[in-house]
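# What the coordinates show
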Amino acid sequence: MDKKELLYEGKAKKVWTTENPEVLIVDYKDDATAFNGLKKGSIAGKGVINNQMSNILMQGLEKKGVPTHFVEELSERETAVKKVKILPLEVIIRNIAAGSFSKRYGVEEGVVFDSPTIEFSYKNDDLGDPLLNDYHAYALKLCTPEELDLVKKYAFQVNDFLKEVWKKCGVTLVDFKIEFGKLSDGTIVLADEISPDTCRLWDSETGKKLDKDRFRRDLGGTEEAYTEVMKRLTESI
Ligand code: TMP
Ligand code: ASP
């Protein structure tokens, strides 16, 4: 399968068309941004890790009955995926208080919830991805109630699966962001990526941050943290 035309270049990925109109190629970069692109940098080797980790996790999710965009890993940084129309919604599940939740509600990072929370942001960089609820999503025609019900069901299934996978690696899944897309026949599938860019992952013993917060917060050792979680994942499967 060959890349034809560059369809889109995002902050962390390039997306190419192929000879098959239903299939695209995603090409993962080492570029990293934070705070809506205000902070820019690079995490050496990140593209390879995010590509491979995302593919391992998406294949595991398919086996659990969560449909995904995954088709085939083509190289270290490239994967063939089903062409989707991304729902302009960022779906965030949290098991433990951190990040914007801690800031917004004045809750210390690390407080464990009795049950996971779900929230949605409107995927719109110009507006800074504002938080919204179900009714706002319908008013903005981002999705239908039926689609959102399915998105919620899948998101909690993703949480159950990821919590279990990371637990076996000695890693606590704090929270994560996922995105969904629609195939040409209307089927909703998990899209985008699942990686240390999009999850908060803490060492279960020490609480050490093993994710993009090392970059966001200038903690150092970002490359090492990404390499460490990837190593633990590949050794556990
Ligand atoms: P938050 O606490 O900053 O809202 O982040 C929640 C989760 O979403 C965290 O795992 C990091 C992830 N995330 C992204 O994947 N992309 C983003 O643009 C942001 C802000 C967060
Ligand atoms: N998506 C953020 C940005 O726009 C990055 C992040 O905080 O994960 O730069």
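Use the structure listed above.
Scope of this entry: the structure provided in the associated data block. (Residues numbered from 1 in each chain as written. Chains lettered and ligands numbered in written order. Predicted model: local features only at pLDDT ≥ 70, side-chain atom pairs only at ≥ 80, totals over all residues. Heavy atoms only, no water.)

### Thoughts on the site of ligand 1
Put simply, the rule reads: Definition of nearness: a residue and a molecule or strand are near each other if at least one heavy atom of the residue lies within 4 Å of the molecule or strand. Here a polar contact means two N or O atoms within 3.5 Å. Within protein one must be a hydrogen donor candidate and the other an acceptor candidate, and residues neighboring in sequence count only if both atoms are side-chain atoms. All accessibility values rest on the Shrake-Rupley procedure with a 1.4 Å probe; residue burial counts only the protein chains present in the view. The helix and strand labels rest on DSSP assignments: H or I over at least four residues marks a helix, E over at least two residues marks a strand, and numbering proceeds from the N terminus. Ten residues, namely Ala, Val, Leu, Ile, Met, Phe, Trp, Tyr, Cys and Pro, are considered nonpolar, four, namely Asp, Glu, Lys and Arg, are considered charged, and the remaining ones, Gly among them, are considered polar.
Around ligand 1, 13 residues are found, and the nearest of them are Arg94, Ser100, Asp175, Lys177 and Arg200. Here Thr198 contributes a backbone N or O atom positioned 3.5 Å from an oxygen atom of ligand 1. Relative to its unbound accessible surface of 450 Å², ligand 1 loses 75% to contact with the protein. For the shell around ligand 1, the secondary structure elements donating two or more residues are β9 (89–96), α2 (99–105), β12 (171–182) and β14 (199–203). Ranked by the residues each element gives to the shell around ligand 1, the list is headed by β12, at three residues. Its residues assigned to classes, the shell around ligand 1 comprises four nonpolar, three polar and six charged.

### A short note on the site of ligand 2
As a matter of local geometry, ligand 2 sits amid Lys11, Thr33, Ala34, Phe35, Asn36, Gly37, Lys212 and Arg216. Ala34 is positioned such that a nitrogen or oxygen atom in its backbone is 3.1 Å from an oxygen atom of ligand 2. Measuring from an oxygen atom of ligand 2, one finds a side-chain N or O atom of Lys212 at 2.9 Å. Along the lines of polarity and charge, the residues of the shell around ligand 2 split into two nonpolar, three polar and three charged.

### Remarks on helix α1 (residues 46–63)
Operational definition: Under the convention used throughout, the expected extent of a helix is 1.5 Å for every residue step, that is, one less than its residue count. Relative accessibility under 20% of the residue-type maximum defines a buried residue, over 50% an exposed one, and the middle range a partly exposed one, all with a 1.4 Å probe and only protein chains included.
For α1, spanning 18 residues, the distance from its first C-alpha to its last is 26 Å, which sits close to the expected 26 Å at 1.5 Å a residue. The buried count for α1 comes to 13 of 18 residues, which makes it a mostly enclosed element. Phi for Gly65, located one or two positions after α1, is positive at around 95 degrees.

### Regarding the packing of aromatic side chains
Counted only if it meets this: Each Phe, Tyr or Trp ring, with Trp reduced to its six-membered ring, pairs with another whose centre is within 6.5 Å; inter-plane angles below 30 degrees give stacked pairs, above 60 give edge-to-face pairs, and intermediate values give tilted ones.
Inspection of the entire model under this criterion finds four aromatic pairs. Aromatic pair Phe101 and Phe113: ring centres 4.9 Å apart, planes at 55 degrees, arrangement tilted. Placement of the pair is Phe101 in helix α2 and Phe113 in strand β10 (residues 112–122), with a sequence separation of 12 residues. Pairing Tyr135 with Tyr138 gives two aromatic rings, centres 6.0 Å apart and planes at 75 degrees, and the pair type is edge-to-face. Of the two residues, Tyr135 and Tyr138 both sit in helix α3 (residues 134–139), three residues apart, roughly one turn of that helix. Under the relative-accessibility criterion, Tyr135 is labelled exposed at 64%. A relative accessible area of 23% means that Tyr138 is categorised as partly exposed. These aromatic residues form a ring-pair network of at least three members: Phe101, Tyr105 and Phe113.

Worth remembering: the numbers are spatial, not functional.
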